[in-house]
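Structural overview for review
Here are the chains, one letter per residue:
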Amino acid sequence: MNLVLLIILVVIGLLLAAGAAFALRGRRTRELAPAAKTAPPADAPPLEKQLDSTSPSDVDGSPKADTSDDGPVGDAQPGDASIVDEPVDEPPIKPTFRERLGKARTGFSSALGGLRGRKVDEEAWEELEEALIRADVGVPTTMAMLERVRARTRDEKVTDFDGALMLLRQEMETQLEGTDISLTQAGDPAVWLFVGVNGVGKTTTIGKLANRETVAGSKVVLAAGDTFRAAAAEQLETWAERAGTGFIRGAEGADPGSVIFDAVEHAAASGADLVLADTAGRLHNKSNLMEELAKVRRVAEKASGQVTEVLLVIDATTGQNGLAQAKQFTESVDVTGIVLTKLDGSAKGGIVLAIQSELGIPVKLVGLGEGIEDLVEFDSTEFVDALFA
Ligand SMILES: Nc1nc2c(ncn2[C@@H]2O[C@H](COP(=O)(O)OP(=O)(O)OP(=O)(O)O)[C@@H](O)[C@H]2O)c(=O)[nH]1
Ligand SMILES: [Mg+2]
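Because the structure is predicted, anything quoted here is derived from the model rather than measured.

**Description of the pairing of strand S1 (residues 190-195)**
For S1, a buried count of six out of six residues is recorded, marking the element as mostly surrounded by other parts of the structure. By the bridge criterion, six bridges tie S1 to strand S5 (residues 306-315) in an arrangement that is parallel. Within S5, the residue paired with Ala-190 across the bridge is Gln-306.

Following this line, the structure appears as structure tokens:
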């Protein structure tokens, strides 16, 4: 009997132990199950990497924000928009005329570097003469200036070359002093005619000026007087759209004078203040083309406005040839001022001195790039400062 009881107790004990073991196993399986479901595939990157890769700063390949800082960015969580590297809209620092002169400045001023600290002697004078000619001041202007500077050096008993360079600087300032860079607007409307050889920057200059004058409050009309190519009118039209001005064009091959005449009449009728008239680029030594220009001007004068400026556009990179162009154009149309373009890409700023001293025509505007803002008034003091910087 006792044996039977013992067997029953052993069986019950075994059953209880088996039940407990089964219950424990079930609990562990439940605990492990969710983790098994979210486990990444074997080739997936670690979790931090997955989160990082969803951060917007990675989309454009820009560097990620440093979230280790204590500042506001440091509190950001992955995926939070605040960690995006947003570009900060800081107003651009406008470079000065001197800085923008770029090559024109460095060409001459680096040559002067080799002359500083020397004594006044024939060798130094010759090097200076060469530097001036290289900078496109031209032989006659260089000779005339150096003659005056040498005389003063002797009279004032200057023995170091730095002193001589100071006198040259004064000489240049005197040459450029009193340059009248004003552009006459009175004319109801005033007409400014742009002339010059091919590709010097006439149309671009008109675009830049159209913007400048519109911003200053003038009502401007652009006249597509370059009827030689259809693309020329289209180029001017694009500038008119950018600057928000009126625009008049004719058919390809139309008489340029009549297009400008129409533009002036249109400007007068619509109360515009200023007509900027483009013309086709032409070779200064082709007399028929120069005669055509004289006619364009006469026809423009017959309209309701008045031609108050004829601006000859010269490319600074063409050097002394610019002087030859200026001579020829002046003979056909009464040039009132020069626009010297591409001075940003030239080591030959001295052409300014040559033009003013040999022809007496003021350089009124300077082009320093292709952008709409890249046109500045010629500032003789800054120009000379830049050459000697
Ligand atoms: N770097 C630089 N480029 C300029 C400047 N002015 C004009 N250009 C460029 O010179 C090229 C010729 O300019 P345009 O305005 O078409 O010259 P254009 O005198 O009207 O030419 P044509 O109508 O063909 O006679 C263009 O690529 C302009 O962007 C300047 O001041 N600096
Ligand atoms: Mg043009």
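**Some details on the sheet that holds strand S4 (residues 274-277)**
With mixed pairing, the eight strands of this open sheet are ordered in space as S3-S2-S4-S1-S5-S6-S7-S8. In this open sheet, the two edge strands, each paired with only one partner strand, are strand S3 (246-248) and strand S8 (375-377). Recorded for the sheet is a direction-independent mean angle of 25° between the axes of neighbouring strands. Alignment of strand S7 (residues 363-367) against S8, held across three bridges, turns out to be antiparallel. Note that in S8 the partner of Leu-365 across the bridge is Glu-377.

**Section: the site of ligand 1**
As a structural note, the neighbourhood of ligand 1 is formed by 20 residues, with Gly-201, Thr-203, Thr-204, Gly-281 and Gly-367 the closest of them. Its residues assigned to classes, the shell around ligand 1 comprises three nonpolar, eleven polar and six charged.

**Topic: the environment of Ala-251**
Mapped onto the fold, Ala-251 is located in the loop between S3 and helix H10 (256-269). With 18 residues separating them in the primary sequence, Ala-251 and Ala-233 have C-alpha atoms 9.3 Å apart.

**Topic: the pairing of strand S6 (residues 337-341)**
Buried residues dominate S6, accounting for five of its five residues. Burial of the side chains of S6 extends over both faces: Gly-337, Val-339 and Thr-341 are buried on one face and Ile-338 and Leu-340 on the other. Pairing analysis gives five bridges linking S5 to S6, with the strands arranged parallel. Note on S6: the bridge partner recorded for Val-313 is Val-339.

Rules used in this analysis
- Residues numbered from 1 in each chain as written.
- Chains lettered and ligands numbered in written order.
- Predicted model: local features only at pLDDT ≥ 70, side-chain atom pairs only at ≥ 80, totals over all residues.
- Buried ≥ 20, exposed ≤ 12 C-beta atoms within 10 Å, placed from the backbone.
- Helix = DSSP H or I, 4+ residues; strand = E, 2+ residues; numbered from the N terminus.
- Pairing = 2+ DSSP bridges.
- Axes fitted to C-alpha atoms, helices over the stretch in contact; angles between N-to-C directions.
- Near = placed C-beta within 6 Å.
- Nonpolar A, V, L, I, M, F, W, Y, C, P; charged D, E, K, R; others polar.

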